[in-house]
Amino acid sequence: MLASLVLALLLPCCTWPARPDAGCAGAVCADGGAADGGLIDGGPPEDSGIGREGEGEGEPPQPTCSDCGFLGTCIPQPERLDDLVDDAGVPHYGNCAFALPFENDCTNGECATSDAQRAVIEGAHLVAAERGYRVEIADVTGAPYSIRFRGAVVVDWAKASLTVTGATVSDAGVVDLDELRSRMPRSVPPSLPSLASLTDLLRTCDPAVRPNVCHLEADTARLFGVPVGVCGTAAITLWSDYEPDAGISAVECLPSELPCCYWEDYP
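Positions within a chain are numbered from 1, following the residues in the order the chain's sequence is written. Per-residue local features are limited, in this predicted model, to residues with pLDDT of at least 70; the limit for side-chain atom pairs, both in listing and counting, is 80 or more; totals at the level of whole chains, interfaces and linings are taken over all residues. As a rule here, side-chain values cover all heavy atoms of the structure and leave hydrogens and water aside.

Chemist: Please give an account of the nonpolar core that cites residues and values.
Modeler: Core analysis: the largest hydrophobic core is formed by 52 residues, its most contacted members being Phe 149, Val 153, Trp 157, Met 184, Leu 223, Leu 238 and Trp 239. Each helix is a run of H or I in the DSSP string that is no shorter than four residues. Each strand is a run of E no shorter than two, and both are numbered from the N terminus. Secondary structure elements with two or more residues in this core: α3 (115–130), β3 (134–143), β4 (146–155), β5 (158–167), α5 (195–202), β7 (220–226) and β8 (233–240). The greatest single-element share of this core, amounting to seven residues, is contributed by α3. Not counting residues up to four positions away in its chain, the partners in contact with Met 184 are Ala 124, Val 127, Ala 128, Arg 131, Tyr 133, Val 135, Phe 149, Val 164 and Asp 241. Among buried residues, the Ala, Val, Leu, Ile, Met, Phe, Trp, Tyr and Cys ones that are joined through side-chain atoms within 4.5 Å form a nonpolar core. The cut-offs for exposure are 20% and 50% of the maximum accessible area for each residue type, with area from a 1.4 Å probe on protein chains only; residues under the lower value are buried, those over the upper are exposed, and the others partly exposed. Residue contacts are defined here by distance: any two heavy atoms, one from each residue, within 4.5 Å place the two residues in contact.

Shown next, in the form of structure tokens:
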């Protein structure tokens, strides 16, 4: 499980080619890999092409996100954790590395370019209301026989990313609601504990944990927090469409001896 979770965290950050301005964070590798847990053998050779432009001669190249991912010396984080939840406990989804599902500019059909697209958006709200939750729509694309929309399922403070593909509208302009029902979450709780109280639970794994609200999914919403140990992950499943009666899960503690790394700037 830990291996698959680490891979999931690696994918958003360490796809090739890496950002040349990315670096390792945390005391373990903040000095460019000289400390334990930094780059293997102090980093790649000077002629490897990995490093910051304009570094002085003889200076060791700074670690990049690709170094962290491919050499396995730290765990990449797509977001700066201290930018995601403010001191009042309010999450800021616009600071997520992949913020599109949370950019609510189409909930009332503002971005729709056809009657069919508007009908699908209306149908999505109807299905969500039937099942006791709310959706915000970020965008909608496609023709009457294959319409796709993205957005978020919203429960209290939580926004869980939602993508629905293949929605259809008849020639008479009627949305296939049964099809939408089959593609949208069936079981979402009507309310959630506060983010602060859930963060306290995550901190039973490690008192230094900070929550990452960016990776909740509409079908299985898992709230993550790091670090656990040096980086690692704590996780709570808030709901799962596959186990509708399970409720909120116990906390999972997945420690690691690796430091975290992060992008210096959002993409």
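Chemist: Quick one: what's the story with unusual backbone geometry, residue by residue and with numbers?
Modeler: The peptide bond linking Val 226 to Pro 227 adopts the cis configuration, its omega dihedral lying at 0°. Within the chain, Asp 156 stands out as a residue other than glycine whose phi angle is a positive 55°. Inspection of the secondary structure assignment puts Asp 156 in the loop between β4 and β5. Exposure remark for Asp 156: the relative accessible area of 48% places this residue in the partly exposed category.

Chemist: Lay out the state of the cysteines with the relevant residues and their values.
Modeler: By disulfide we mean two sulfur atoms from cysteines, separated by a distance within 2.5 Å. Scanning all chains against the criterion turns up four disulfides. Each sulfur in the disulfide pair Cys 205 and Cys 253 lies 1.9 Å from the other. Residues Cys 205 and Cys 253 are joined through a disulfide that is left-handed, its torsion about the S-S bond being -80°. Of this pair, Cys 205 sits in the loop between α5 and β6 (210–212) while Cys 253 is found in strand β9 (residues 252–254), placing the two residues 48 residues apart along the sequence. Residue classification places Cys 253 among the partly exposed residues on the basis of a relative accessible area of 41%.

Chemist: Give a description of the sheet that holds β6 that names residues and reports values.
Modeler: Paired strands, in this sense, are two strands between which DSSP finds at least two bridges. Pairing is antiparallel in the open sheet, where four strands are placed in the order β6-β7-β8-β9. Edge positions in the open sheet fall to β6 and β9, since each of these has one partner strand only. Here the strands of the sheet are splayed against their neighbours by 30° on average, with no regard to which way each runs. Summarising the sheet, β8 and β9 pair through three bridges and their orientation is antiparallel. The residue bridging Ala 234 from the neighbouring strand is Cys 253, located in β9. Axis lines are fitted to C-alpha atoms, over the contacting stretch for helices. Their N-to-C directions set the angle, which ranges from 0 to 180 degrees. Along the sheet face, α5 touches β6, β7 and β8 and points at about 130° away from the line of β8.

Chemist: Give a detailed account of α5, specifying residues and quantitative values.
Modeler: Those residues of α5 lying buried are Leu 195, Leu 198, Thr 199 and Leu 202. One side of α5 holds all its buried residues, which, seen down the axis, span an arc of 105°. Exposed and facing more than 90 degrees away from the buried side of α5 are Ala 196 and Asp 200. In this structure, the buried residues of α5 make contact with β6, β7 and β8. Here the arc refers to the directions that run from the helix axis out to each C-beta atom.

Chemist: If you had to explain the packing of aromatic side chains to someone new, which residues and values would you point to?
Modeler: Here is the rule: rings of Phe, Tyr and Trp (six-membered ring for Trp) pair when centre to centre is within 6.5 Å. Planes less than 30 degrees apart are stacked, more than 60 are edge-to-face, and the remainder are tilted. Under the counting rule described, the total for this entry stands at one aromatic pair. A centroid spacing of 5.0 Å and a plane angle of 45° characterise the contact between Tyr 93 and Phe 102, whose relative ring orientation is tilted. Comparing Tyr 93 with Phe 102, the two get one shared label, buried.

Chemist: Pulling in residues and values, what's your account of the confidence of the model for the protein?
Modeler: Across the chain, each position has a pLDDT score giving the predictor's confidence in that residue, from 0 to 100. Here the protein averages 77 in pLDDT, while 71% of its residues score no lower than 70. This stretch, residues 1–70, has a pLDDT under 50; its non-local contacts, to residues over four places away or in other chains, come to 109 contacts.

Chemist: Explain the pattern of salt bridges to me, and be specific about the residues and the numbers.
Modeler: A carboxyl oxygen of Asp or Glu within 4 Å of a side-chain nitrogen of Lys or Arg is what we treat as a salt bridge. Evaluation of the coordinates by the stated rule reveals nine salt bridges. Between Glu 130 and Arg 181 there is a salt bridge; the shortest N-O distance is 2.8 Å. Of the two residues, Glu 130 is situated in helix α3 and Arg 181 in helix α4 (residues 177–183); the sequence distance between them amounts to 51 residues. Here Arg 181 falls in the partly exposed class, since its relative accessible area comes to 24%. Note that Glu 252 and Arg 222 form a salt bridge whose closest N and O atoms lie 2.7 Å from each other.

Chemist: Go over the sheet that holds β3, please, and point to the residues and values.
Modeler: If you walk across this open sheet you meet the three strands as β3-β4-β5, and the pairing is antiparallel. Each having just a single partner strand, β3 and β5 make up the two edges of the open sheet. When the angles between neighbouring strand axes are averaged without regard to direction, this sheet yields 15°. The sheet contact formed by β3 and β4 spans nine bridges and is antiparallel. Bridge pairing links Thr 141 to Arg 148 in β4. Its contacts with the sheet place α3 against β3, β4 and β5, and it is angled at close to 150° to β3.

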